Amino acid sequence: MMTSLTLRPAGREDPRATLAASARSLGGDRAGEAAFFSRLGWRFGSISALALSLYGESGGSELLARLVRLLHEDHAARPPELKAIDAAREGSGPWYLKPGLAAYMVYLDRFAGDLAGFRQRLPWLEELGIDMVHLMPFFRSHEGNSDGGYAVRDYLGVDPRYGDAAGLSCLAQELHGKGMHLAADLVLNHSSDDHAWAMAAKAGDEKYRNYYYIFPDRELPDRYEAAMPEVFPETAPGNFTYIRELGAWAMTVFHDFQWDLNWSNPEVFLDMLHVLLGMANMGIDLIRLDAVPYLWKRAGTSCQNLEEAHLIVRLLKACADVVAPGVAFLAEAIVQPREIVRYLDAGGIAGEARVEECQLAYHASLMALLWEALATRKTALLASTFGGETRLPPGTAWLSYARCHDDIGLGYDDAKIREAGYAPGPHKRFLLDFYSGRYPGSFATGRLFMENPATGDARISGSCASLCGLEAALSGDGATPEGARALELALRRIELLYGLVSSLVGIPMVFSGDELAAVNDYSFEGEEGRSDDNRWMHRARLDWDAAARISEKGSVEARIYGAIRGYLGKRRTIAAFAQDAAFRVLASGSENVLLVLRSPKAEMERRVAVAANFAPEERAFPLEALGPGFGPLPYDLLAGRQATVLGGGVVLGAYGIAWLSEA
Ligand code: GLC
């Protein structure tokens, strides 16, 4: 097997005896070994409790013994420079809470060809103000359509088109040398159907058949289907696929070539833990847990967010804490807002800043709310939902974003929609029509993704710039006053979204291409394996000719690049935007204006109010809305001058955003 473990066969072992035996065999790296065993001692209670509660019936103590051995082996394989980083990180606060941290999500091939090319392009990211890079999947993946690399064929084998493992480690080292960080995907819910495990299963190997959910007939699949939603109803309807070679049905929640891994099998856990630690040993600092809500399946449930999925993540984290304590987890949980936060559960003993599960999660609800406010021009739903959010546990943070490689799911809380004066169904329909350009007068150029006629549901594809109206504006006549205004408003919408992503909460993430206001790219329509997946239209190939225009005064690129670079640069200097700063939505008195007060933890630092106008015309809000402390002429940190105050109202231009500092 390409990536399976080389563990000795499981015998009747006592984990504590294994531990003691391992301790006796201390190798050359005595300090490293001592640190390992001290961390193991610290986490062993959690590891054994979690492993036993998940896998107790499948031979708990044997499993634990193998698990401890695996941790020891993977720790032995951890390069010394990474151990040194671990030691440094243990002595300081969490690296991902560093003030001003900003992330960038990027496809290697679409940005710079391969790993070597990427290293040459690093100055682009440094200049922009990025300190964490999320490289989209780069391990060997399914032949033909690979779902953008999310159908992994070889979990630790770097795709030769991008380079090799040594090249990846070199990149990690270079990033670390610059004080930057590397994030990558662990696609843990499913493997591709040409992964060695799936191939072995197809060849009749019982062991690997048990790595997946495989059913001889439709009885259980039908029971599952009754309660499971569909992820790709248009192109991959249903959650099961009949596999001829198996003569049976495999669970395939995503595409038919992505077989769901059976995490109730402890062998899957051990192999995937080894994969995770292998990624950590390549120098990856942040592991993005792809599709994490789907990890555990139980017939009769939606098979999302089940308690066991959380336990698995906790067990993975406890194990990672022993081998690679500086490594953090990012939850990709695009689910109901109240479910997302459960992946960030601190879980530790009261007062202890230990995070038991994920440290970061995408703020998918904020992202969807921003797009809602842009379409409706009204901030009620955004203000009430965002304002009602509880603060995250210490040691965790949101990853805030406007766009990523995926579609925009319009996930809102129905009760809040009603409170804001809308009916959930028609409101969703309006947003879908608006962003697919069907709504009369809409500025957006996007498309519906995965329309499901049975439920009326769909999501949205399109680049940030196109959804903000830039594509439509550029196709119009810029020489006319209307054309010039359309262009100006489109640019302001992009600025507004990125300005908010950089200031409302969390760590901002730039999706590659957005810094140049890249519009939709329709070339996917002619590409094999991509033509039926319109998410490719917003996965930009970075246009380096356009990039050269950032120094051309008056160009679209100069404007948007300058704005985003400005946001990221300025926020570094603002204590009120630190991860532990509080936020509170203030009543702005205008249905179009969002007003959020950010208060730094240290009281002597200044508070900053973020004011954002979602209307295409000027709006004002009363100065008193800010409360005392801002003085008669608050200073706008973004504009670098005092805000305009007229007749007691703070004026914001069309789609204007201001970061107003306390006097
Ligand atoms: C995640 C990825 C998405 C992919 C899916 C299946 O949601 O972000 O692009 O299609 O997982 O792996």
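Residues numbered from 1 in each chain as written. Predicted model: local features only at pLDDT ≥ 70, side-chain atom pairs only at ≥ 80, totals over all residues. Heavy atoms only, no water.

Caption draft 1: Up close: the overall build of the chain. Broken down by element type, the chain carries 22 helices and 26 strands. Its C-alpha atoms give the chain a radius of gyration of 25 Å, near enough to 26 Å, the size a compact globule of 663 residues would have. The dimensions of the chain, computed from C-alpha atoms along their principal axes, are 80 × 55 × 45 Å. Per-residue burial for the chain yields a buried fraction of 61% across its 663 residues. A separation of at least 24 residues holds for 72% of the contacts in the chain among residues at least 6 apart in sequence. In the form shown here, the chain has an accessible surface area of approximately 24,500 Å², with 52% of it arising from carbon and sulfur atoms. Taken as two groups, the 66 positive and 85 negative side-chain charges of the chain have centres that lie 4 Å from each other. (Helix = DSSP H or I, 4+ residues; strand = E, 2+ residues; numbered from the N terminus. Rg over C-alpha atoms; globule rule 2.2 N^0.38 Å. Buried < 20%, exposed > 50% of the residue type's maximum accessible area, 1.4 Å probe, protein only. Contact = heavy atoms within 4.5 Å. Areas by Shrake-Rupley, 256 points an atom, 1.4 Å probe, with all protein chains shown as cover. Lys, Arg positive; Asp, Glu negative; His and termini not counted. Charge placed at Lys NZ, Arg CZ, Asp CG, Glu CD.)

Caption draft 2: A look at the packing of aromatic side chains. In this structure the tally under the stated criterion is 32 aromatic pairs. Between Trp95 and Tyr96, the aromatic rings sit 5.6 Å apart at their centres with planes inclined by 85°, giving edge-to-face as the arrangement. With a relative accessible area of 8%, Tyr96 lands in the buried category. Look at Phe577 and Trp659: their rings are 4.9 Å apart centre to centre, the planes differ by 80°, and that puts the pair in the edge-to-face class. Within this pair, whereas Phe577 is found in the loop between helix 22 (556-572) and strand 18 (582-586), its partner Trp659 is found in strand 26 (residues 657-661), the two being separated by 82 residues in sequence. With respect to class, Phe577 is no different from Trp659; both count as buried. Counting every residue linked through ring pairs, the aromatic cluster contains Tyr104, Phe111, Phe118, Trp124, Trp544 and Tyr561. Over the face of the ring belonging to Trp544 we find Arg121, whose NZ or CZ atom lies 3.6 Å from the ring centre. (Phe/Tyr/Trp six-rings, centres within 6.5 Å; stacked < 30°, edge-to-face > 60°. Lys NZ or Arg CZ within 6 Å of the ring centre and 35° of its normal.)

Caption draft 3: Fine view of the pattern of salt bridges. Tallied over the full model, the rule gives 43 salt bridges. The salt bridge partner of Arg218 is Asp222, with a shortest N-O separation of 2.9 Å. Asp521 is paired through a salt bridge with Arg541; the nearest N and O atoms lie 2.9 Å apart. Here Arg541 lies in the loop between strand 17 (507-511) and helix 21 (544-548) and Asp521 lies in the loop between strand 17 and helix 21, a separation of 20 residues in the sequence. Taken together, the shared-partner salt bridges in this structure form one network comprising Asp147, Asp406, Asp533, Arg535 and Arg539. (Salt bridge = Lys/Arg side-chain N within 4 Å of Asp/Glu carboxyl O.)

Caption draft 4: Inspection of the nonpolar core at higher detail. Residues Leu71, Phe118, Leu135 and Trp263 are the most contacted members of the largest nonpolar core, which totals 201 residues. With 11 residues, helix 12 (residues 307-323) is the largest single contributor of residues to this core. By size, the runner-up hydrophobic cluster in this structure holds 17 residues, among which are Ala609, Leu623, Ala625 and Leu652. (Core = buried A, V, L, I, M, F, W, Y, C linked by side-chain atoms within 4.5 Å.)

Caption draft 5: View of the site of the ligand. Taken together, the residues surrounding the ligand are Asp147, Tyr150, His190, Phe232, Phe254, Gln258, Arg288, Asp290, Glu332, His405, Asp406 and Arg535. In the environment of the ligand, an oxygen atom lies 2.7 Å from a nitrogen or oxygen atom belonging to the side chain of Asp147. The contact in question runs from an oxygen atom of the ligand to an N or O atom on the side chain of Glu332, over 2.9 Å. Burial of the ligand by the protein chains amounts to 95% of its free accessible area of 300 Å². Residues belonging to the shell around the ligand are distributed by class as follows: 3 nonpolar, 3 polar and 6 charged. Split by domain, the shell around the ligand shows at least three residues from each of two domains, domain 1 (15-95 + 188-360) and domain 2 (363-572). (Near = heavy atom within 4 Å. Polar contact = N/O pair within 3.5 Å; in protein donor to acceptor, adjacent residues only side chain to side chain. Nonpolar A, V, L, I, M, F, W, Y, C, P; charged D, E, K, R; others polar. Domains from an automatic or database assignment.)

Caption draft 6: Region of the structure containing the domain arrangement of the chain. Each domain of the chain was delimited in the assignment, giving domain 1 (15-95 + 188-360), domain 2 (363-572) and domain 3 (578-661). Taking only C-alpha atoms into account, the centre of domain 1 sits 32 Å from that of domain 2. With 21 residues of domain 1 at the contact, the number on the domain 2 side is 22 residues. Both sides of the domain 1 and domain 2 interface together cover about 1,700 Å² of buried area, and 67% of this is carbon and sulfur. (Buried area = accessible area lost by both parts, 1.4 Å probe.)

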